[in-house]
Amino acid sequence: MQLIWLGVAAVVAALDQLTKIWIAARLPLGQSVEVLPCFRLTHVRNPGAAFSFLASASGWQRWLFLGLAVVAAGAILVWLWRLDERKPWEGVGLALILGGAIGNFIDRARFGYVIDFLDLYYQSWHWPAFNLADAAITLGVALLMWRGKRN
């Protein structure tokens, strides 16, 4: 395994945590700041998963999501360990997913929820708020899908 992929994952997780710390310190929960006509920073807490899946559950979902993150991280580490060095884009994709999973794992372990703050919208339509970890995971999956079609 190339150690660079672990470095990329660590940078993603660190940037995710730094942005969440910054938002939590500067923007009260539930408050928004308009950045562009279709984008604002909005401080929210999500105890669920993507699209607030299971957010209204009684608390057991925290442990489920923590467990899933550990299993996913383990699988990604094995995949990275076995990865052919001639597939750098696959390594980048896996590192982005791993870093995002670690970033959200840290929040969920510390608080029982993840801090989301990126709010995209058009008129009355809103995409669910997300964070840098979510963006990294999405980009990593997109890279894997794109490269998978080319192999």
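Residues numbered from 1 in each chain as written. Predicted model: local features only at pLDDT ≥ 70, side-chain atom pairs only at ≥ 80, totals over all residues. Heavy atoms only, no water.

### Some remarks on the packing of aromatic side chains
Item 1. Applying the stated criterion across every chain yields a total of 3 aromatic pairs.
Item 2. When the centroid spacing of 5.3 Å and the interplanar angle of 20 degrees are considered together, the rings of Phe 111 and Tyr 113 count as stacked.
Item 3. Judged by its relative accessible area of 32%, Phe 111 is partly exposed.
Item 4. Overall, the relative accessible area of 16% leaves Tyr 113 in the buried class.
Item 5. Relative to Trp 127, the ring of Trp 125 has its centre 6.1 Å away and its plane inclined at 50 degrees; by these criteria the two rings are tilted.
Item 6. Here the guanidinium or amino end of Arg 40 rests over the ring plane of Tyr 121, the centre of that ring lying 4.2 Å away. (Phe/Tyr/Trp six-rings, centres within 6.5 Å; stacked < 30°, edge-to-face > 60°. Buried < 20%, exposed > 50% of the residue type's maximum accessible area, 1.4 Å probe, protein only. Lys NZ or Arg CZ within 6 Å of the ring centre and 35° of its normal.)

### Quick word on helix α1 (residues 3-26)
Item 1. The terminal C-alpha atoms of α1 lie 35 Å apart, and with 24 residues this matches the ideal 34 Å at 1.5 Å per residue to within 8%.
Item 2. Of all the residues in α1, the buried ones are Trp 5, Ala 9, Val 12, Ala 13, Asp 16, Gln 17, Lys 20 and Ile 23. (Helix = DSSP H or I, 4+ residues; strand = E, 2+ residues; numbered from the N terminus. Expected span 1.5 Å × (residues − 1).)

As far as function goes, none of this settles anything; it's purely spatial.
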